[in-house]
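# Chain and residue survey
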Amino acid sequence: MSEKDSVNAALVNPEDREEYHRSLGLTKKIESRKIILVGRSRCGKTTLIRRLHNLDMSYHKTQSIEAWSDAIDTPGEYTDTPFFSRGAAITPAYDADIVCFCHDCGNDICRLPQMFSMSFAKPVIGIVTKADSDDVSTEQAELFLHNAGARHIVITSSLTGRGIEELIDLINTIDLNDY
Ligand SMILES: Nc1nc2c(ncn2[C@@H]2O[C@H](COP(=O)(O)OP(=O)(O)OP(=O)(O)O)[C@@H](O)[C@H]2O)c(=O)[nH]1
Ligand SMILES: [Mg+2]
């Protein structure tokens, strides 16, 4: 197994790691804004939302659009399959203030179209997920998100809590008219 494969293997199923279930004790929360998370299946959208709400870290596959008071979660299949399903992510975004494109840094395949941000009249944040350690390269994920039109990029890990408070700060302060 190459070094990269072993780093990527560690990203696959963290549910049996004790640290994964430890509370991050977040004190910040999203204030009076709603985000929508869009990205490939298993990139970590639902886990991130559960982290943002200090919920338990059990696995929840997203079967259809799920609305929270401050977030809209979409099934990754809306991003994974072309054309119509990507349109399915655009419609619920009307109820959101900010669009978050997500991409996990162990994943070499991007399904976000170039400048997909142009489909939304909203600011678009790029969220790199699963950046659990400094060994993980985030450059490719950042490039994918940048090419999809994300103007601000945050590197996160729902496992360690990396970047999550920074993400909340960005969501709470981003200029909603700047897109
Ligand atoms: N190592 C690591 N694994 C993570 C992280 N976030 C999520 N995962 C794992 O990735 C898998 C998929 O996470 P989900 O949050 O369900 O992914 P999703 O994007 O909501 O997937 P869909 O609902 O299919 O669209 C689960 O096994 C999670 O435990 C993270 O920050 N680090
Ligand atoms: Mg999900």
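Below is a summary of the structure that appears in this document. Computed from a predicted model, the values in this text were never measured in an experiment.

The next subject is the overall build of the protein. From N to C terminus, the protein includes 6 helices and 6 strands. In the protein, the succession of helices and strands from N to C terminus is α-β-α-β-β-α-α-β-β-α-β-α. For a compact globule of 179 residues, the expected C-alpha radius of gyration is about 16 Å, and the protein comes in at 15 Å, within 12% of that figure. Based on the C-alpha atoms only, the size of the protein along its principal axes is roughly 40 × 35 × 30 Å. Sorting the 179 residues of the protein into buried and exposed places 37% on the buried side. Across the protein, contacts joining residues at least 24 apart in sequence account for 75% of those joining residues at least 6 apart.

On to helix α5 (residues 139-147). Of all the positions in α5, only A141, F144 and L145 are classed as buried. Projected down its long axis, α5 shows its buried positions confined to an angular sector of 95°, all on one face. At its buried positions, α5 is contacted by β4 (98-104), β5 (124-129) and β6 (152-155). Residue G149 follows α5 closely and has a positive phi angle near 105°.

Right, let's get into the pairing of β6. For β5 and β6, the ladder comprises 4 bridges, and the chain directions are parallel. Paired with V128 across the strands is I155, a residue of β6. Read from β5 through α5 to β6, the crossover connection turns out right-handed.

As a structural note, the neighbourhood of ligand 1 is formed by 23 residues, with G44, T46, T47, T62 and G76 the closest of them. Sorting elements by how many residues they give to the shell around ligand 1 places helix α2 (residues 45-52) first, with 3 residues. Taken together, the residues that form the shell around ligand 1 break down as 6 nonpolar, 11 polar and 6 charged.

This brings us to unusual backbone geometry. Non-glycine residue R42 carries a positive phi angle of around 70°. Of note, R42 is situated in the loop between β1 (35-39) and α2. Take R42: there are 19 C-beta atoms within 10 Å of it, and that puts it in the partly exposed class. A positive phi angle is found at K130, which is not glycine, with a value near 65°.

With that settled, the discussion passes to the sheet that holds β5. Strand order in the open sheet formed by 6 strands is β2-β3-β1-β4-β5-β6, with mixed pairing between adjacent strands. Edge positions in the open sheet fall to β2 (66-67) and β6, since each of these has one partner strand only. Relative to strand β3 (residues 71-73), β1 is paired through 3 bridges, and the arrangement is parallel. The residue bridging I35 from the neighbouring strand is A71, located in β3. Each of β1, β3, β4 and β5 is contacted by α2, which is oriented at about 155° to β3, the strand it contacts most.

Cut-offs used in this document
- Per chain, the residues get numbers from 1 upward, laid out in the order the sequence is written.
- As a convention, the first chain written is A and the first ligand written is 1, with the rest following in written order.
- Two thresholds apply to this predicted model, a pLDDT of at least 70 for residue-level local features and 80 or more for giving and counting side-chain atom pairs, whereas whole-chain, interface and lining totals are computed over all residues.
- Only DSSP runs of H or I covering at least 4 residues are called helices, and only runs of E covering at least 2 are called strands; the numbering of each starts at the N terminus.
- Our radius of gyration is a C-alpha quantity, and the globule rule it is checked against amounts to 2.2 Å times the number of residues to the power 0.38.
- With C-beta atoms placed from the backbone, a residue is buried if 20 or more other C-beta atoms are within 10 Å of its own, exposed if 12 or fewer are, and partly exposed between those counts.
- Note on contacts: each residue gets a C-beta atom placed from the backbone, and two residues are in contact if those atoms are within 7 Å.
- Throughout, the arc means that of the directions going from the helix axis to the C-beta atoms.
- Being paired, for any two strands, means DSSP has found at least two bridges between them.
- Whether a crossover is right-handed comes down to one check: with the strands pointing away from the viewer, does the path from the first strand over the helix to the second run clockwise; if it does, it is right-handed.
- Whether a residue is near a molecule or strand depends on its C-beta atom, placed from the backbone, lying within 6 Å of it.
- Classes in brief: Ala, Val, Leu, Ile, Met, Phe, Trp, Tyr, Cys and Pro nonpolar; Asp, Glu, Lys and Arg charged; the others, Gly included, polar.
- Axis definition: a line fitted to C-alpha atoms, limited for helices to the stretch in contact. Angles are taken between N-to-C directions and run from 0 to 180 degrees.

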